[in-house]
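In case you want the letters, here they are:
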Amino acid sequence: KVAGIIGHFNSGTSIPASKIYSDAGLAQVAMATAPAFTAQGYKTTFRSLTSDTQQGSVLGKYVVEKLNAKQIAIIDDRSAYGQGLADEFEKAAKAAGATIAKREFTSDKETDFTAILTSIKAVKPDLIFFGGADAQSGPMVKQKKRLGISAPLVSGEMTRSDTFLKLAGSEAEGTIASMAGVPIEQMPDGPAFLERYKAKYGDMEIYTPYGYDATRVLLAAMLKADSADPAKYLPVLATIEHAGVTSAHISYDEKGDLKEGGITVYKVENGAWKVIETIGAK
């Protein structure tokens, strides 16, 4: 008697689960950012975050135009998330005029990147882009420093975490990471939501407002359709316009991607993530 799904947390789980929900006719609003999630043609899949197509495109252009990167090395962990983000980043960086001097692959279980980084050192890149998570990017920056590679590491939201800061230690300094969405202070109802949340639950996780909005949008579609039957509320959800915490205009395109979103670029300065720039993504 489930009426709808909020989740899953990442692309690796959301993509295989999406077929099961689609076969059952159940709406799924996921945190997944991999392009493949909504490229399957299901009428039941929706995102609560900007996709990696949007994020990778923005970040690829950003490093060329703002960081003046001309020679770039790319590493990805072959996961749905990591490879998808790296592919979109590569396309955008090339389109902006950069050369991809080297592209290497690892896994989301690996922790020794010495061989890969040694081969990358030989091409002298202006920066290294990593598509993957903090469990790999943390050790990676330590090993990069040990090998004498001065090129900064640039990555996505799975690196922009407190775990990365702990794993990387002082070598985290100068790392750049993007994240889908905008800082809570810049969200339409962000500061007020944060205050309410802290009063009730304590510290907030970074994806909390997106999960909250995903739930509220699903409920709004049910209320508008006057039914919790997915067959009745799904067409309403597909065309909904909702004012939420994260955005005043939450709506989906024909694939279930957000029509509007933002990307925030962060940099590690003095051991903490600092906002460098927020860029619109459509």
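For the structure, see preceding data.
Residues numbered from 1 in each chain as written. Predicted model: local features only at pLDDT ≥ 70, side-chain atom pairs only at ≥ 80, totals over all residues. Heavy atoms only, no water.

K.L.:
Looking at this model, I keep getting lost on the overall build of the protein. Mind explaining?
P.N.:
In terms of regular secondary structure, the protein is built from 9 helices and 10 strands. Expected size for 282 residues packed as a compact globule is a radius of gyration near 19 Å; at 19 Å, the protein falls within 12% of this value. Overall, the protein is about 60 × 40 × 30 Å in size when its C-alpha atoms are taken along their principal axes. Within the protein, contacts between residues at least 6 apart in sequence are counted, and of these 60% link residues at least 24 apart. Positive and negative charge centroids in the protein, built from 32 and 33 side chains respectively, lie 2 Å apart. (Helix = DSSP H or I, 4+ residues; strand = E, 2+ residues; numbered from the N terminus. Rg over C-alpha atoms; globule rule 2.2 N^0.38 Å. Contact = heavy atoms within 4.5 Å. Lys, Arg positive; Asp, Glu negative; His and termini not counted. Charge placed at Lys NZ, Arg CZ, Asp CG, Glu CD.)

K.L.:
Would you take a moment to explain the pairing of strand S5 (residues 99-105) for this structure?
P.N.:
The two faces of a sheet get side chains in turn, since along a regular strand they alternate between them. Where strand S4 (residues 71-76) and S5 come together, 6 bridges link them in parallel fashion. Residue pairing in the sheet places Ala 73 in a bridge with Lys 102 of S5. Once the chain exits S4 it traverses helix H3 (residues 80-95) before rejoining the sheet at S5, and the crossover so formed is right-handed. (Pairing = 2+ DSSP bridges. Right-handed = clockwise from strand over helix to strand, strands pointing away.)

K.L.:
Would you take a moment to explain the packing of helix H2 (residues 52-65) against H3 for this structure?
P.N.:
How two helices sit against one another is set out by the angle between their axes and by the gap between those axes. Where H2 meets H3, the closest approach of the two axes is 7 Å, and the angle between their N-to-C directions is 45°. As the angle between them shows, H2 and H3 are arranged oblique. Relative to H3, H2 is oriented so that their crossing is right-handed. Contacts between H2 and H3 involve Asp 52, Thr 53, Gln 55, Gly 56, Ser 57, Leu 59, Gly 60, Lys 61, Val 63 and Val 64 on the former and, on the latter, Tyr 81, Leu 85, Glu 88, Phe 89, Ala 92 and Ala 93. Residues belonging to the contact of H2 with H3 are distributed by class as follows: 8 nonpolar, 5 polar and 3 charged. (Axes fitted to C-alpha atoms, helices over the stretch in contact; angles between N-to-C directions. Parallel < 35°, antiparallel > 145°, perpendicular 65-115°, else oblique. Left-handed = near helix turned anticlockwise from the far one by under 90°. Nonpolar A, V, L, I, M, F, W, Y, C, P; charged D, E, K, R; others polar.)

K.L.:
Can you help me understand helix H4 (residues 114-121) in this one?
P.N.:
The periodicity of an α-helix, 3.6 residues per turn, causes residues three or four places apart in sequence to face the same way. Of all the positions in H4, only Ile 116, Leu 117 and Ile 120 are classed as buried. The arc that holds the buried residues of H4, viewed along the axis, is 95°, so those residues lie on one side. Those residues of H4 that are buried lie in contact with S4, S5, strand S6 (127-131) and helix H5 (134-146). (Buried < 20%, exposed > 50% of the residue type's maximum accessible area, 1.4 Å probe, protein only. Arc of directions from axis to C-beta.)

K.L.:
Quick question: what am I supposed to make of the pattern of salt bridges here?
P.N.:
If charged atoms from side chains of opposite charge come close, those side chains can pair. Counted according to the given criterion, the structure contains 13 salt bridges. With a shortest N-O distance of 2.6 Å, Arg 103 and Glu 90 are connected by a salt bridge. A residue pair is termed long-range when its members are at least 10 positions apart, and Arg 103 in strand S5 and Glu 90 in helix H3 qualify at 13 residues. We classify Glu 90 as buried; its relative accessible area is 15%. (Salt bridge = Lys/Arg side-chain N within 4 Å of Asp/Glu carboxyl O.)

K.L.:
What is the right way to look at the nonpolar core in this model?
P.N.:
Among soluble globular proteins, nonpolar side chains are generally buried collectively. Core analysis: the biggest nonpolar cluster contains 32 residues, and Ile 75, Leu 117, Ile 128, Met 140, Phe 164 and Trp 273 have the highest contact counts within it. At the level of elements, S4, H4, S6, H5, helix H6 (162-168), strand S8 (176-180), helix H7 (190-201) and strand S9 (261-269) are the ones that each hand at least two residues to this core. Dropping the residues within four chain positions of it, Met 140 is found in contact with Ile 75, Phe 113, Leu 117, Phe 130 and Leu 153. (Core = buried A, V, L, I, M, F, W, Y, C linked by side-chain atoms within 4.5 Å.)

K.L.:
Explain the sheet that holds strand S3 (residues 45-47) to me, please; I cannot follow it from the model alone.
P.N.:
In any sheet, the strands associate via hydrogen bonds between backbone groups, in a parallel or an antiparallel arrangement. With parallel pairing, 3 strands are arranged side by side in an open sheet as S1-S2-S3. Only two strands of the sheet have a single partner each, and these edge strands are strand S1 (5-6) and S3. Across 3 bridges, strand S2 (residues 28-30) lies against S3 in parallel orientation. The residue of S3 that forms the bridge with Ala 30 is Arg 47.

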